[in-house]
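Fold and contact review
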Amino acid sequence: MKIAVCMKQVPAVSEGNMDPETGVLLRAGLEAIVNVYDLSALEAALKIKDSKGASVHVFTMGPAKAENVLREAFAMGADEGWLICDKAFAGADVLATSYTLMQSIRAAGDYDLILCGKQTTDGDTAQVSGGLARWMNLPHVNWTTEIMDISNADMKVRYSMENRMVTASVSLPCLVSVEKDSFVPRMPSLKLKISGKKKEIHVLTMEDLEDKDKERYGLSGSATRVRKIFPPPRTKQQEPVTLDGAGAAEYILSQLGHANLS
């Protein structure tokens, strides 16, 4: 069984500047870490590898320094790493990112299962996994909390909906995105970390993809544009009020009255 895991390098802090013309986050100079949601996807893949046997390949899209994502994945037990790196891919939104991932995974080979984290901490759209599944024409299960069983033909999973948990059987190949708290990442192995430094990282550029139309990638292939970015308005600082019993109730009622009048 071959498993592809999509992972991303994200800024370690929430502050950052945006390009005023393109609306793209300026990442230069920002400390970068592995997206925590994607570490859970890797853990889900490694659990399958431990129990059933599998080859785990990690894909990450970004600049050359994003290879650190792959080195960290090697230290946890991943077998192969693919860096999707080309200036033409920069500035991609959900649509262009998912299309680039689809082209890259297909260029690398056939996979029985694709695993993604629920979302990323820099975008928070939680839409790339669904877009990737659509481009690849694969069945897709989101919000997965448990992989109950897996065979060469299908897998049984449990996933959360708004008010209930659902158990489903999905035929392979398929794409599954997992919940962060349900797959706690293992600690990296020192032995694997040392051996992972020597592992070859496969680099995929535009020339390696079947579709070489630059209009489908990066900023050119993005369907959305950020028109304006601004911080939320700051609320007026209030002094804390400490009251008990009837006094507290009267104060709350007075504040509600003011709110209704405004």
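Residues numbered from 1 in each chain as written. Predicted model: local features only at pLDDT ≥ 70, side-chain atom pairs only at ≥ 80, totals over all residues. Heavy atoms only, no water.

**Observations regarding the state of the cysteines**
Worth spelling out the cut-off: In this description, the term disulfide denotes a pair of cysteine sulfurs within 2.5 Å.
Scanning the model with the defined rule gives 0 disulfides in all. Cysteine Cys6 is unpaired, with the sulfur of Cys116 as its nearest cysteine sulfur at 4.1 Å.

**Thoughts on helix H3 (residues 94-108)**
Heads up, the condition is: Secondary structure elements follow DSSP: runs of H or I of four or more residues count as helices, runs of E of two or more count as strands, with numbering from the N terminus. Here, expected helix span is obtained from the residue count minus one, scaled by 1.5 Å. The cut-offs for exposure are 20% and 50% of the maximum accessible area for each residue type, with area from a 1.4 Å probe on protein chains only; residues under the lower value are buried, those over the upper are exposed, and the others partly exposed. The criterion used for residue contact is that any of the two residues' heavy atoms lie within 4.5 Å. Throughout this description, a polar contact denotes any pair of N or O atoms lying within 3.5 Å of each other; where both atoms belong to protein, one of them has to be capable of donating a hydrogen while the other can accept it, and for residues adjacent in sequence the pair is counted only when both atoms sit in side chains.
Between its first and last C-alpha, H3 extends 21 Å over 15 residues, near the 21 Å set by a 1.5 Å rise per residue. Most of H3 is tucked away: 11 of the 15 residues are buried. Against strand E1 (2-7), strand E4 (55-61), strand E5 (80-84), strand E6 (113-117), helix H4 (128-136) and strand E11 (202-204) lie the buried residues of H3. By the N-cap criterion, in which a side-chain oxygen at the helix start approaches the backbone nitrogen of a residue two or three places on, H3 is capped by Asp93, the distance to Leu95 being 3.1 Å. Two residues or fewer past H3, Gly109 is found with a positive phi of approximately 140 degrees.

**Some remarks on the pairing of E1**
Basically, it comes down to this: Pairing between two strands requires that DSSP report at least two bridges joining them.
Counting buried residues in E1 gives 5 out of 6 residues, a clear majority hidden from the surface. As paired strands, E1 and E4 are joined by 6 bridges and run parallel to one another. Each residue of the ladder has a partner; that of Val5, found in E4, is Val58. By the bridge criterion, 4 bridges tie E1 to E6 in an arrangement that is parallel.

**Remarks on the environment of Asp181**
Its place among the elements puts Asp181 in the loop between strand E10 (174-178) and helix H5 (190-196). Its relative accessible area of 64% is what places Asp181 among the exposed residues. Engagement of the side chain of Asp181 in a polar contact is seen with the side chain of Lys180, the distance being 3.2 Å.

**Some points on the packing of H3 against H4**
Quick reminder of the rule: In this description, a line fitted to the C-alpha atoms serves as the axis of each element, helices being fitted only across the stretch in contact, and the angle between N-to-C directions of two axes falls anywhere from 0 to 180 degrees. Angles below 35 degrees are treated as roughly parallel, those above 145 as roughly antiparallel, those between 65 and 115 as roughly perpendicular, and all remaining angles as oblique. Left-handed is the label given to a crossing in which the near helix is rotated counterclockwise from the far helix by less than a right angle, and right-handed is the label when the rotation is clockwise. Gly counts as polar in this scheme, as do all residues outside two lists: the nonpolar Ala, Val, Leu, Ile, Met, Phe, Trp, Tyr, Cys and Pro, and the charged Asp, Glu, Lys and Arg.
Running from N to C, H3 and H4 point in directions that differ by 50 degrees, and their axes come no closer than 8 Å. When the axes of H3 and H4 are compared, the pair comes out oblique. Once H3 is placed against H4, the crossing between them reads as right-handed. Across the interface between the two elements, Val94, Leu95, Thr97, Ser98, Tyr99, Leu101, Met102, Ile105 and Arg106 from H3 touch Val128, Gly131, Leu132, Trp135 and Met136 from H4. In terms of residue class, the contact of H3 with H4 is built from 10 nonpolar, 3 polar and 1 charged.

**Some details on the pattern of salt bridges**
Pairing between side chains of opposite charge can happen when their charged atoms approach one another. Inclusion rule: Each reported salt bridge corresponds to a side-chain nitrogen of Lys or Arg within 4 Å of a carboxyl oxygen of Asp or Glu.
Tallied over the full model, the rule gives 10 salt bridges. Here Asp79 ties to Lys49 by a salt bridge, and the two come within 2.9 Å at their closest N and O atoms. Taken together, the residues Asp79 in the loop between helix H2 (67-76) and E5 and Lys49 in helix H1 (residues 36-52) connect sequence positions 30 residues apart. Residue class for Lys49 comes out partly exposed when judged on its relative accessible area of 24%. For Asp181, the salt bridge goes to Lys180, with nearest N and O atoms at 3.2 Å. Each of the salt bridges in this network shares a partner with another, and the network as a whole consists of Glu43, Lys47, Asp50 and Arg186.

**Remarks on the side chain of Ser98**
Turning to its location among the elements, Ser98 is positioned in helix H3. Judged by relative accessible area, which is 1%, Ser98 ranks as buried. A polar contact is formed between the side chain of Ser98 and the backbone oxygen of Leu95, at a distance of 3.0 Å. Looking at Ser98, its side chain comes within polar contact range of the side chain of Trp135, at 3.0 Å. The residues contacting Ser98, other than those within four sequence positions of it, are Val128, Gly131, Leu132 and Trp135.

**Regarding the nonpolar core**
The condition is simple: We call a set of buried Ala, Val, Leu, Ile, Met, Phe, Trp, Tyr and Cys residues a nonpolar core when their side-chain atoms join them within 4.5 Å.
Judged by nonpolar contacts, the single largest core of 39 residues is most densely connected at Val5, Met7, Leu42, Leu113, Leu115 and Met155. A total of 7 residues in this core trace back to one element, the largest contributor, which is H1. Look past the residues within four positions of Met155 in its chain and what remains in contact with it is Leu113, Ile147, Asp149, Ile150, Ala168, Ser169, Val170, Leu172, Cys174 and Val176. Membership of the second largest hydrophobic core comes to 24 residues, among which are Phe89, Met102, Ile114 and Ala133.

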